[in-house]
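The lines below spell out each chain.
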Amino acid sequence: MSALLKASDLRRSFGGLMAVCDVSLAVLPGEIMGLIGPNGAGKTTFFNLLTGMTRADTGTVIFDGHDITSAKPEAIASLGLARTFQNIRLFGGLTLMDNVRVAGRVHARTGLLGGILGTPASRREDRDNTERAYELLRLVGLADRVEHLAASLPYGDRRRLEIARALALSPKLLLLDEPAAGLNPSEKLGLADFIRDIKERFDLTVLLIEHNVPMVMGLCDRVMVLSFGQMIAMGTPEAVQRDPAVIEAYLGGDTHGAA
Amino acid sequence: MSGFFENYGFLIVTIVQQALLGLSIYFPLMAGQLSLASIGFYSLGGYVAAIMGTHPYFAPWRAALGFFMFPLEWLFALILGVVLGIAVGYPALRLRGIYLALATIAFVQVVNVAVLNMPVAGGAVGIFGIPQAFESRLDYIWFFGPLFALAMFVVYRITAIGRGLAFFAVREDELAAGAMGVRTTANKVTAFVLGCALAAVTGAMSAPFLNTWNARQGTFDASVTCLAYVLIGGSRSLWGPLFGAALLVSLPEVLRPLKDSRMILNGVVLVAVCVYLPQGLMGGLAALRTRLAAGRGGVA
Ligand SMILES: Nc1ncnc2c1ncn2[C@@H]1O[C@H](COP(=O)(O)OP(=O)(O)OP(=O)(O)O)[C@@H](O)[C@H]1O
Ligand SMILES: [Mg+2]
C-alpha cells in the first residue's frame, strides 16, 4: 500500500533551536497514527510543516501524490489535508454555521460576482453547503446552537466545532493537535469513540497529537515519538510503550511529560 | 418638503458623497484590512474626470458624447482604480494592522506629490472650471445616490452569501482561514480593490460636483476623516459609514449658531461616541436593541 502522506527528512530550526530534526514518516491510508512526545518536542511544529504554516528548512512532504513542501496552506487544505489547532483557532465573531460553511466552500465553483448577482448556481451551492454544514454540526452535537457565535461556546464545544469545521473540507487526512486537551473526563471518554466513528464514516486517515496515554494506546494503530525534534521511536502502541528510549525521554531529566 | 431639500439638499448630497468614501474603507475592513488608501484613489479618480472634462485633447470626445462623457469618466476612473488597486494591494497587503495603515498613508502622500508635479494635473492650483453635469448641485444626488445604493447592495450581498464568508474568516483569523482553504491573499486584495474602485469612481463623480479639483482633495486629513466615518458610525455594520458621515458632516452645520464654541462641542460629541460607543453608532444601537429585547423577555 502506498503512503497517503510521506514526509522525508523534514527539518526546521528557530534560531539555534532545532524544533524538528530530519523527521521522516509515511502515513498509510486508513490508519490512525499517534504522535506523542514531551512538551516542546516539536509535535505542533511538525504539523505546521505538513500544513504549510511553517516553511521547512530542508526535506520534502508528499501528500496524495502532490509535492506540498512549499505549497500555501489553502492549497494544501484543498488537496484534502485538514487540521485542528492546539490553541483552538475558530472564527470567534462568526456563527457556528458560518465557521463550518467557510471550510465547506473549499471546492466551490461559483465566485463573488455570481454570488452578488444571486445566480441559481451560486444559490444552489450555498444551499448545499448550508445543509452539509448543518449535518456536520449535528454530528458533533452542536445542531441546537448553529446561530450562536463561536466565541460564546464553552471550551469543550469549541474543540468539537473545530473538528466539524475541519471535516467540512472533506479531508482525506485529518491532523488533530491535542483534541482531548481541556476536555472533562466524560468528554475525553467519548472522544476516542468519536474519532473512530468519523474515521469510518468519512473514510479518513488520522494523525493525532495526544498526551493522554490511555487514549493513544486504545485508539492508534501506530505511534511515533518525538523528543527534542528527533523521532526516537515508531511502532505499535505496545512496542513504543516498552521502548527504553521513550521511557528515558519521558522520565529522564524532564519533569514534564505524559499526563 | 421642497423647502427642506433646498435648505438641506447640499448637506444631504455631501453626506452621501462622503458616505461613499466611508464605504470604500469599509470594504477592506470586511476582510480585516485597515487601509487608508481610499482618499488617494478618490483624488486620482477626480483627476481622471477633471482632465477628461477640461483637457483640449478630449474636446472631440466631449463634443461627440455630450452627457455620456460622465459615465465614460467613471469607467476610466474605475479601470484605473482596479489596476492600480491590484498593483498597490499585492505588496501592501503583506503588511498587517498598523503597518498596512502606514503604508497606505504613504501611498496617499505619493499620489499627492505625484499630482502636484504633473503638469497635466495643474500643479498646486489644480484644475478649474470642470463642466457641470447638472444645473443645480443638488441634482448630483442622481450621481451619488445610485452609486451609493449599488455599493450598499454589494456590501449587503457579501454579508448574505457564502462567498462573502471568506472575507470575514480572514478578518477573524487569517491563519485559520488559510488552513480552511480560504485564499487569504486573493481575498484581501479583492476586498481592497473593491474599496479602491469605489473611491476612484466617487472621485470621478465629485470633480464636476465640486467644480475644481486639486491636491487638497487627497490629503492625510481627508483620509482620517473617512476612517472616522466608519469608526464613529460603526465598523461592523453596513450602515455605519452612512451614519458616521451623516453625523460628522452635519454636526458642524447644526452647531453653527454656537459660533466659535461649536468646534469644541463637535470634538466633545466625537470623543463621547468613541468612549461610550466603542462599536460606533450602529454598534450602540444594536446593543440597545438587545437590551430592550432582553428586558421584554424578562417581563414575559
Ligand atoms: N514560531 C516559533 N518561533 C520560535 N520558536 C518556536 C516557534 N514555534 C515553536 N518553537 C519552539 O520549538 C519547540 C517545539 O515547539 P512545539 O510547539 O512544536 O512543541 P510541541 O511538541 O507541540 O509541545 P507541546 O506539547 O507543548 O504542545 C519549542 O521549544 C518551541 O518553543
Ligand atoms: Mg504542541
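Residues numbered from 1 in each chain as written. Chains lettered and ligands numbered in written order. Predicted model: local features only at pLDDT ≥ 70, side-chain atom pairs only at ≥ 80, totals over all residues. Heavy atoms only, no water.

Trainee: Would you explain the interface of chain B and chain A in this entry?
Mentor: In many reports, interface size means the accessible area that the parts give up when they come together. Chain B puts 27 residues into the contact, and the matching count from chain A is 28 residues. With both sides pooled, the region where chain B packs onto chain A buries about 2,300 Å², and carbon together with sulfur makes up 69% of that total. The largest share of the area that chain B buries against chain A comes from Arg163, Leu165 and Met180 of chain B, three residues that together contribute 29% of it. Connecting chain B to chain A are one salt bridge. With a shortest N-O distance of 2.8 Å, Asp173 of chain B and Arg89 of chain A are connected by a salt bridge. Here chain B and chain A share seven residue pairs in polar contact (both at pLDDT 80 or more) between them. Sorting the residues of the side of chain B that touches chain A by element identifies α6 (141-160), α7 (165-172), α8 (174-179) and α9 (184-210) of chain B as the ones contributing at least two each. It is α7 of chain B that contributes the most residues to the side of chain B that touches chain A, six residues altogether. Considering only residue class, the side of chain B that touches chain A consists of 15 nonpolar, six polar and six charged. (Contact = heavy atoms within 4.5 Å. Buried area = accessible area lost by both parts, 1.4 Å probe. Salt bridge = Lys/Arg side-chain N within 4 Å of Asp/Glu carboxyl O. Polar contact = N/O pair within 3.5 Å; in protein donor to acceptor, adjacent residues only side chain to side chain. Helix = DSSP H or I, 4+ residues; strand = E, 2+ residues; numbered from the N terminus. Nonpolar A, V, L, I, M, F, W, Y, C, P; charged D, E, K, R; others polar.)

Trainee: Is there a simple way to explain the site of ligand 1 in this structure?
Mentor: All names here are of chain A. Surveying the vicinity of ligand 1 reveals 13 residues, the closest of which are Gly40, Lys43, Thr44, Thr45 and Gln86. Between Thr44 and ligand 1, the recorded distance is 2.7 Å, taken from a side-chain N or O atom to an oxygen atom. Separating an oxygen atom of ligand 1 from a side-chain N or O atom of Thr45 is a distance of 2.6 Å. For ligand 1, the protein covers 61% of the area, taking 630 Å² as the surface of the free molecule. Among the secondary structure elements, those contributing two or more residues to the shell around ligand 1 are β2 (17-27) and α1 (43-50). (Near = heavy atom within 4 Å. Areas by Shrake-Rupley, 256 points an atom, 1.4 Å probe, with all protein chains shown as cover.)

Trainee: I would appreciate a short explanation of the pattern of salt bridges in the present structure.
Mentor: Overall, the coordinates contain 18 salt bridges over all chains when judged by the stated rule. A salt bridge links Glu174 of chain B to Arg96 of chain B, with the nearest nitrogen and oxygen atoms 3.6 Å apart. Here the residue Glu174 of chain B occupies a position in helix α8, and Arg96 of chain B occupies one in the loop between α4 (69-92) and α5 (97-116), the gap between them amounting to 78 residues. We classify Glu174 of chain B as buried; its relative accessible area is 18%. What you see here is one network of salt bridges that share partners, running through Asp144, Arg145, Asp157 and Arg160 of chain A. (Buried < 20%, exposed > 50% of the residue type's maximum accessible area, 1.4 Å probe, protein only.)

Trainee: Where do I start with the pairing of β2 of chain A in this structure?
Mentor: Looking along a regular strand, one sees the side chains alternate between the two faces of the sheet. Residues and elements named next belong to chain A. As paired strands, strand β1 (residues 5-14) and β2 are joined by seven bridges and run antiparallel to one another. Residue Lys6 lies in a different strand from β2, and its bridge partner there is Ala26. Hairpin connection from β1 to β2: two residues lie between these consecutive antiparallel strands, with Gly15 at a positive phi of about 60°. (Pairing = 2+ DSSP bridges.)

Trainee: Looking at this model, I keep getting lost on the UniProt feature "transmembrane region" (unreviewed entry) in chain B. Mind explaining?
Mentor: Residue and element names in this part refer to chain B. Taking the numbering used here, the UniProt-annotated feature "transmembrane region" (unreviewed entry) corresponds to residues 6-27, 39-58, 64-90, 97-120, 140-158, 189-207, 227-251 and 263-282. Between the C-alpha atoms that bound residues 64-90 the distance is 38 Å, and the span itself is 89% helix and 0% strand. For residues 189-207, the end-to-end C-alpha separation is 27 Å, with 100% helix and 0% strand making up the annotated structure. (UniProt positions renumbered as here; feature names shortened; annotations may be inferred.)

Trainee: Would you mind going over the sheet that holds strand β3 (residues 32-36) of chain A with me for this structure?
Mentor: The strands making up a sheet associate through backbone hydrogen bonding, with each pair oriented either parallel or antiparallel. Residues and elements named next belong to chain A. Across the sheet, six strands lie side by side as β6-β7-β8-β3-β9-β10; this open sheet has mixed pairing. Only two strands of the sheet have a single neighbouring strand rather than two, namely β6 (81-83) and β10 (230-235). The average angle at which neighbouring strand axes cross in this sheet is 15°, direction not considered. Two strands pair when backbone bridges link them, and β3 and strand β8 (residues 205-209) are joined in this way by four bridges, in the parallel orientation. Paired with Met33 across the strands is Leu207, a residue of β8. Strand contacts of helix α7 (residues 185-202): β3, β7 (173-177) and β8, with the helix running at about 155° to β8, the strand carrying the most contacts. The sheet contacts of helix α10 (residues 244-251) involve β3, β9 (222-227) and β10, and relative to β10 the element is tilted by about 130°. (Axes fitted to C-alpha atoms, helices over the stretch in contact; angles between N-to-C directions.)

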